[in-house]
Protein chains: 2
Amino acid sequence: MTAKTAPVLPPELAEQAAVLAAGTEQILPAGGLEEKLLLAREEGRPLRVKLGIDPSADELHIGNAVVLRKLRQFQDYGHLAVLIVGDFTGQVGDPTGKSATRKQLSREQTAANSATYVEQLMCILDRDRVEIRRNADWLGPMTLADVVRETSVLTVAQLLERDDFANRFAARQAISLTELLYPFLQGYDSYAIDADIELGGTDQTYNNLVGRNIQRAHGKAPQVVLTLPLLEGLDGVEKMSKSLGNYVAITEPAAEQFGKLMSIPDALVARYATLATDLTPDEIAELAARASAGGPAAGAAKRAVAAAVVRLYHGADAARAAEARFDATFRNRELPTDVPDAALPAGDPVHLPAVLTAAGLVASTSEARRQLRAGAVKIDGARIGDGALDLPRAELAGKVLQVGKRKAARLVG
Amino acid sequence: MTAKTAPVLPPELAEQAAVLAAGTEQILPAGGLEEKLLLAREEGRPLRVKLGIDPSADELHIGNAVVLRKLRQFQDYGHLAVLIVGDFTGQVGDPTGKSATRKQLSREQTAANSATYVEQLMCILDRDRVEIRRNADWLGPMTLADVVRETSVLTVAQLLERDDFANRFAARQAISLTELLYPFLQGYDSYAIDADIELGGTDQTYNNLVGRNIQRAHGKAPQVVLTLPLLEGLDGVEKMSKSLGNYVAITEPAAEQFGKLMSIPDALVARYATLATDLTPDEIAELAARASAGGPAAGAAKRAVAAAVVRLYHGADAARAAEARFDATFRNRELPTDVPDAALPAGDPVHLPAVLTAAGLVASTSEARRQLRAGAVKIDGARIGDGALDLPRAELAGKVLQVGKRKAARLVG
């Protein structure tokens, strides 16, 4: 894939290309997006923009929405979203049995799951410009002989370039031969549905490039790959994911969304503004500046971002109501709304006296134990009993820890 | 695979184990052969001893015979030879198109080839204790879903341990995903035919160990792998192979076999005695000593080995006749029978004046050209014309190059 100069486009296509490229992490190969837009114009047809969706997922979150909102932009320009339901791999399951997040599903479960999930996608996508395809339709009938032929265009070195494989290979962790086959399966999907463009998170870059090899091997024009950044979860560390519980679902009630979004670390305010809202670049820049100032300014910026996200899924009125309810709840609990961040010490579970000391809320672990015995310690306004000295990390991350009425800190990390 | 102490065997099984282990390069795992022999005794059944055969091969040579003669020993103890005709891979062909030696074959070609080849195998094997299986019978119906499930027990690191893969991976040469699947296919064969033991050359060690993983994954007892050394070809460098032309076919006439065997370098005499004859260890040791003495002693040792090989396939009378004919031919051509070895210079084709000079048969390249013009240069007794200054390496290697009647050298390398 050599870097190329993008072709010169007529003004209306140039604008389209600029909007579609905005916010992407990478476009591979360079100039490819412009070429595909020209091609669609010349052939008088919409581009076929592929997105693979996971049939084991049941609840769409604002992290998933990043790529979906990009796909919606393509639809708004008249292009076609081709959603691939990965029901083949869903049925085979994860034969290594090592991944807790990928369980073997029956064809019925897969179909039921994906129906609910696809319905949620339509909160973001334009359902009139969607084609839904199931990869068991072409992967199911494939024989070993086909596999042997098709995989000849992929090299092991190429496959091991993928970041997670490269790291695991270098660390001498086991990679099963099956795992090496998965990128082939995804790549074959691109050939099967004649993809012009494939969208995905940056963790899918490699898989999506494999599609180019398979298409080329069949004499087809290779797809262009657009990657979108991955949104960090509420904890600010891991990527947002259902299995880690650090997510905001797009179908959650407005108030819950607002409350969860107010728990993100200050450092993520600009990131969420960029990836999870429709705020303009100028508005994002201003919020980013306020977030990095810290203190009450950062708190106000976070509030603006939370409202912008909620507005996207529930409308402006619901967003305002959610904000009001948030304030009322916090006032009733006498919980300070603008509190400094404090780092949550490492380990899981974490030792509460250590957390209180590290956050500077008490002078010593013996004072911490005293305050706990006295019932003066609260998490998000709820009193903690005497016995609870070690708490699961998940019960503390993002919460406000309070000693008495005056001292409080938001636990981060 | 941990090294284990072999179980203690009753005397008759201990003798069987000693004979079967003799001449093997490796037995994996250690003690495994003894365990299988005991098992067969306990269950009152023959062992199933697997050997994969290549359906693209058409002429069996004495290099192939090394492992076949070991298989025959198993048969002589009452065990069953299970021959796997690789017609599945034969039909798929080598999709990389890089290997000139593995062409895509039709099912008919494959069947015809393997019938002829199997017939030749019966020159060495006992046809009453052979089961012939075609792997297209179980690999043909296999689906992608099966492949995904079955390959989960194999790790990439394991597969890349195979010598040729490891070298190519380190040298950044392309290894296709298909090639990584081949060991899986061979391994699956072992499960499909319930192999107790698999025989193979040392170049097959890794492939044959894969069978253990697949059998274990299906709850079967894993096979024991016996590897046999690879016999070098007549050139003394590459392993003996049809495609390199450096072979002695087992069905060749006795005289041709004898002549070819007399062309091996002195350094290979002991090796051929060990791997290609039924001479006793004492006889082999004596011939090895004579070969390393060089000169006429080495020539005589080579003659004894050649006669022993020919005897194996054509009987004692034919071997004696072949030797007599060889001597007569050489006398008629006035070719010296005991000539020193000379190294054939690198390159292909090789420049004859350079060869003559390097071998010390002429003083200078200009003398070489003069002798060639005069018609005084012969190869294996045949005069070389004036025009032929550059000759293919294969036409010179192992041959006697002669200038006039007195000066001669055998070209080696």
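Our subject in this report is the structure included herewith.

With respect to the packing of aromatic side chains
Residues and elements named next belong to chain A.
Then, number 1: Taken as a whole and judged by the stated rule, the model has six aromatic pairs over all chains.
Then, number 2: Summarising the aromatic geometry, the rings of Tyr188 and Tyr191 are spaced 5.3 Å apart at their centres and angled 75 degrees between planes, so their arrangement reads as edge-to-face. Taken as a pair, Tyr188 and Tyr191 lie in helix α10 (residues 177–192) at a separation of three residues, close to a single helical turn.
Then, number 3: Assessed through its relative accessible area of 12%, Tyr188 is described here as buried.
Then, number 4: Put simply, the rings of Phe184, Tyr188 and Tyr191 touch in pairs and so form one group of aromatic residues.
Then, number 5: In this arrangement the basic side chain of Lys260 is found over the ring face of Tyr247, its NZ or CZ atom lying 4.8 Å from the centre.

Concerning helix α12 (residues 254–261) of chain A
Then, number 1: Within the span of α12(A), buried status applies to Ala254(A), Gln257(A), Phe258(A) and Leu261(A). For α12(A), the angular spread of buried residues about the axis comes to 95 degrees, placing them on one side.

A short note on the interface of chain A and chain B
The accessible area lost on association of the parts is a frequent measure of interface size.
Then, number 1: Counting residues at the interface gives 31 residues for chain A, matched by 31 residues for chain B.
Then, number 2: In total, chain A and chain B occlude about 2,700 Å² of area from one another, counting both sides; carbon and sulfur atoms represent 79% of this.
Then, number 3: If you sort the residues of chain A by the area they bury against chain B, Leu144(A), Val148(A) and Leu177(A) come out on top, with a joint share of 27%.
Then, number 4: Run the count over chain A and chain B and you get zero salt bridges.
Then, number 5: Counting across the chain A and chain B interface gives twelve residue pairs in polar contact (both at pLDDT 80 or more).
Then, number 6: When contributions to the side of chain A that touches chain B are tallied by element, the ones reaching two or more residues are α4 (87–92), α7 (144–150), α8 (156–160) and α10 of chain A.

Points about the sheet that holds strand β3 (residues 80–85) of chain B
Residues and elements named next belong to chain B.
Then, number 1: Strand order in this open sheet of six strands is β1-β6-β5-β2-β3-β4, and the pairing throughout is mixed. Pairing within the sheet leaves two strands with one partner each, and these edge strands are β1 (26–28) and β4 (130–134). If you compare each strand with its neighbour and ignore which way they point, the axes differ by 25 degrees on average.
Then, number 2: Both β3 and β4 contribute to a ladder of five bridges, which runs parallel. Paired with Ile84 across the strands is Arg133, a residue of β4.
Then, number 3: Most of the contacts of helix α3 (residues 65–76) go to strand β5 (residues 197–201), to which it runs at about 155 degrees, and overall it touches β2 (48–53), β3, β4, β5 and β6 (224–228).
Then, number 4: Packed on one face of the sheet, helix α10 (residues 177–192) meets β2, β3, β4 and β5 and runs near 150 degrees to β2.

As for the relation of the copies chain A and chain B
Two copies of one chain are present, and they are related through a rotation about an axis combined with an axial shift.
Then, number 1: Least-squares fitting of chain A to chain B yields an RMSD of 0.3 Å, with the transformation described by 0.1 Å of translation along the axis and a rotation of 180 degrees. In short, the pair behaves as if placed about a two-fold rotation axis. Relative to the rotation axis, the closest C-alpha in chain A is found at Thr143(A), a distance of 2.2 Å.
Then, number 2: Counting the interface residues of chain A, we find that 100% of their copies in chain B are interface residues as well, pointing to one common contact surface.

A look at the side chain of His79(B)
Then, number 1: Its place among the elements puts His79(B) in the loop between α3 and β3.
Then, number 2: Aside from chain neighbours lying at most four places away, what touches His79(B) is Gln16(B), Leu37(B), Ala40(B), Pro46(B), Leu47(B), Val49(B), Phe74(B) and Arg129(B).

Re unusual backbone geometry
All names here are of chain A.
Then, number 1: Between Leu28 and the following residue, Pro29, the backbone shows a cis peptide bond with an omega angle of -5 degrees.
Then, number 2: Its place among the elements puts Pro29 in the loop between β1 (26–28) and α2 (32–43).
Then, number 3: The omega torsion of the bond from Asp348 to Pro349 falls at 5 degrees, within 30 degrees of zero and hence cis.
Then, number 4: With respect to the secondary-structure elements, Pro349 resides in the loop between β7 (341–343) and β8 (350–351).
Then, number 5: Despite not being glycine, Asp194 has its phi angle at roughly 60 degrees, a positive value.
Then, number 6: Residue position: Asp194 is located in the loop between α10 and β5 (197–201).
Then, number 7: A residue is classified by how much of its surface remains accessible, and Asp194, at 36% relative accessible area, is partly exposed.

Digging into the pattern of salt bridges
Residues and elements named next belong to chain A.
Then, number 1: Counted under the stated rule, the structure contains 42 salt bridges over all chains.
Then, number 2: The closest approach of N and O atoms between Lys260 and Glu252, which form a salt bridge, is 3.0 Å.
Then, number 3: Take Glu252: its relative accessible area is 7%, and that puts it in the buried class.
Then, number 4: Note that Asp266 and Lys302 form a salt bridge whose closest N and O atoms lie 2.9 Å from each other. Of the two residues, Asp266 sits in the loop between α12 and α13 (269–276) while Lys302 sits in helix α15 (residues 295–314), which places them 36 residues apart along the sequence. Of the two residues, Asp266 and Lys302, both sit in the buried class.
Then, number 5: If you follow the salt bridges from partner to partner, you end up with Glu43, Arg45 and Asp196 in one network.

Some remarks on the sheet that holds strand β4 (residues 130–134) of chain A
In a beta sheet, neighbouring strands pair by backbone hydrogen bonds and run either parallel or antiparallel.
All names here are of chain A.
Then, number 1: Strand order in the open sheet formed by six strands is β1-β6-β5-β2-β3-β4, with mixed pairing between adjacent strands. If you trace the sheet from one side to the other, it starts and ends with β1 and β4, each paired once. Sheet twist, expressed as the mean angle between neighbouring strand axes with direction ignored, is 25 degrees.
Then, number 2: Both strand β2 (residues 48–53) and β5 contribute to a ladder of two bridges, which runs parallel.

Rules used in this analysis
Residues numbered from 1 in each chain as written. Chains lettered and ligands numbered in written order. Predicted model: local features only at pLDDT ≥ 70, side-chain atom pairs only at ≥ 80, totals over all residues. Heavy atoms only, no water. Phe/Tyr/Trp six-rings, centres within 6.5 Å; stacked < 30°, edge-to-face > 60°. Helix = DSSP H or I, 4+ residues; strand = E, 2+ residues; numbered from the N terminus. Buried < 20%, exposed > 50% of the residue type's maximum accessible area, 1.4 Å probe, protein only. Lys NZ or Arg CZ within 6 Å of the ring centre and 35° of its normal. Arc of directions from axis to C-beta. Contact = heavy atoms within 4.5 Å. Buried area = accessible area lost by both parts, 1.4 Å probe. Salt bridge = Lys/Arg side-chain N within 4 Å of Asp/Glu carboxyl O. Polar contact = N/O pair within 3.5 Å; in protein donor to acceptor, adjacent residues only side chain to side chain. Pairing = 2+ DSSP bridges. Axes fitted to C-alpha atoms, helices over the stretch in contact; angles between N-to-C directions. Least-squares fit on C-alpha atoms with pLDDT ≥ 70 in both.

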